[in-house]
Structures are given as C-alpha cells and as structure tokens.
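Here is what each chain is made of, one letter per residue.
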Amino acid sequence: RIIKPKSKENEIRFFDAIRSVAKNKYFWITNVAGWLGFLEMSYYVILQWTFVYAYPEKEKLLGVANTIIGNGALWAMMAAPFLIRKIGKRRLLISCNITNIILLAFLFFTYHNVYLVIAIFYINNFVLVLGNIYNPGIQADMRDYQQYITGERIDGMFGVVGLIGTFLSYFTGSVVPFLQEKCGLKDNYDVLYDASIRDNLFKTMIIASVIGATLNVLPYLFYDLTEKQHRGITYVLRIRAMFDDYSAGCLDDDELVRAMNIITDIKGILGKQPVEISKDELKAARALPKKTPEEKAA
C-alpha cells in the first residue's frame, strides 16, 4: 500500500539512490542480520540424515514426518496477524529467534530420539514460517521510512545495494561444507552410518546453528521502529501526498478526506498525556463480564 502523490514521477539518479539507501539504518540492520545468520539453518540436514543413516529401517516414514512438520506452517500463518498486532513485528522476530535458539539447545541433547527430533522440527517450522509473515512487513516498514526521511520511493535500489550479500555468500557459503569436512564428511556419505562420525557432525551443525541464530538476532536489538511510529510515518506521507497533489491540481475528494481525518484525529490528542494503567488494573478489567455492549466498553 504505497503512499505517493499522483502528481509525482519517481525519478532519481542511480548513485543518488544508492547513497540515499546507504543512510537508512533499518536497511543495514535487516541486511546485516541476514549476512551474519548464514549458519542458522545448518542443523536442517539432521532430520533427513537421522532417518536415512541413524534409523534406516524407518526411512519410509520420512515423508510422513515431513508432512507432519509442514503442518506447522498452517497454524503459523493463522497466528501471525494476531501476534503482530499483539506484540509487534520486532518483538515477534526476537521472540522467534530466542525460541529457535532454545529449541536447538534442546535438540543438542535429544537428537538420538527420532520422535523428539520430529517434535522439535515441528515447533521450529512454526517459528520459521512466522518469519514469512513478519519479514516482508519489516521490509515494507523500512521502505516507508526511506520515503519519510528522503521524500523518494526507491524500492528497487534496496535490491541493488543488497547485492553486497551475493559477494559475501561466496565466502560464507563454504563455511558449512568446511565444518562437515572437518567432521569426516567429504564425498562419501556412507560415513554417516558410523555413529561416532554422525554424532560429532550433528553436534557441530547444531552448535553452528545456535551461533547463526544468535548473530542473526543481535542487529535487531538496534531496530527501534515500532508499529506506532510506523503508523505516524504513514500519516505524514499521506498528508505530504495531499499537499503535493493539491499544488498540482489533481487532489481528489477521497484523498482529501483521508488526510483531513488524520489531521482531525491528531488534533484531538494533541497535548494530551498517555494514560498510565497498572497491570493490576488491566487484570481486574479482563475479569469483568463482557456480554453486553456496556460491559464490553467498560
């Protein structure tokens, strides 16, 4: 839902756009998090290798396990909008990463049990799929912030500057194969039938994933764009668009009504202080009956 004046052509010089994007701190936070977290998915081979090499007699159940694990995506898709409204995208992202780290730490001690492996991967898939919802939202907020600070909508240039990650991947992509080779796995996967090699490899992959998940979440500790701040940014963009289109003589009634409603709402709260409500008052309010409209309002 891009907010931009109808009267304005989106033209900007290539290098000006790059310099502009480079000043967007949220762009660097999200990209650095991705670049640092390249180890996070190292553990994902454990599920398949557990069935194939640790319990070959149960290999036929791998498809069933993947189906069960994949079902976690359904519940994540349903829960994501509620969780984002409840705690915000940033807190949800950090919570998911911390949950993932805890799950991986638990997997370190339980990977011998195929049923616990399935359970951990199920919960982990739920957490990962939440990211499919909040990550695009974070990317959209970042682009709105860019427009707010520069006045330009230059979405395409984010991908150009983000190509730095392609260069880095030439180096980071070799880390996991290097670790696997150090654990004894190079070309012959039959070595995974050896429990000692397999155990050492699994532990190494889990530790690498914990490190990756930890590094991935650290940049987001500096991500301070809240849902309320983003809503304020969209208000500003809406009002700017109204004045630009008014100056160009192409302002329509719907645009005017939306912008004036924002101004009216803001005037209504201007100078007021937020009401502080204690946790005890909230608990007491939640305990009240909520059947009639009057009770719900109370």
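Please refer to the structure higher up on the page.
We now turn to the structure provided with this report. (Residues numbered from 1 in each chain as written. Predicted model: local features only at pLDDT ≥ 70, side-chain atom pairs only at ≥ 80, totals over all residues. Heavy atoms only, no water.)

Before going further, it helps to spend a moment on the overall build of the protein chain. Looking only at helices and strands, the protein chain features 15 helices and zero strands. Taking 2.2 N^0.38 as the reference for a compact globule, 298 residues should give roughly 19 Å; the C-alpha atoms of the protein chain span a radius of gyration of 25 Å, well beyond that estimate. Each principal axis of the C-alpha atoms in the protein chain carries an extent, and together these give about 75 × 60 × 30 Å. Burial status across the protein chain gives 35% buried among its 298 residues. Sequence-distant contacts in the protein chain: of pairs separated by 6 or more residues, those separated by 24 or more amount to 78%. About 18100 Å² of surface is accessible on the protein chain, with carbon and sulfur atoms providing 62% of the total. (Helix = DSSP H or I, 4+ residues; strand = E, 2+ residues; numbered from the N terminus. Rg over C-alpha atoms; globule rule 2.2 N^0.38 Å. Buried < 20%, exposed > 50% of the residue type's maximum accessible area, 1.4 Å probe, protein only. Contact = heavy atoms within 4.5 Å. Areas by Shrake-Rupley, 256 points an atom, 1.4 Å probe, with all protein chains shown as cover.)

Bringing a positive patch on the surface into the picture now. Among the surface-exposed residues, Lys86, Lys279, Lys283, Arg286 and Lys290 lie close enough to one another that they form a single positively charged patch. Tracing the backbone through its elements, the reader meets lysine 290 in the loop between helix H14 (279–286) and helix H15 (293–297). (Patch = residues over 30% accessible without salt bridge, like charges linked within 9 Å, V, L, I, M, F, W, Y side chains within 5 Å. Salt bridge = Lys/Arg side-chain N within 4 Å of Asp/Glu carboxyl O. Lys, Arg positive; Asp, Glu negative; His and termini not counted. Charge placed at Lys NZ, Arg CZ, Asp CG, Glu CD.)

Moving on: the packing of helix H10 (residues 175–182) against helix H11 (residues 195–217). Packing of H10 against H11 brings their axes to within 9 Å, and their N-to-C directions diverge by 150°. One finds that H10 runs roughly antiparallel with respect to H11. Between H10 and H11 lies a crossing whose hand is right-handed. Taken together, the residues of H11 that come into contact with H10 (itself represented by Val176, Leu179 and Gln180) are Leu201, Thr204, Met205 and Ala208. Partitioning the contact of H10 with H11 into residue classes produces five nonpolar, two polar and no charged. (Axes fitted to C-alpha atoms, helices over the stretch in contact; angles between N-to-C directions. Parallel < 35°, antiparallel > 145°, perpendicular 65-115°, else oblique. Left-handed = near helix turned anticlockwise from the far one by under 90°. Nonpolar A, V, L, I, M, F, W, Y, C, P; charged D, E, K, R; others polar.)

Below, the discussion takes up the environment of glycine 249. Looking at where glycine 249 falls in the secondary structure, it is placed in the loop between helix H12 (227–248) and helix H13 (253–269). When the C-alpha positions of glycine 249 and serine 7 are compared, they lie 8.5 Å apart, and in sequence the two are 242 residues distant.

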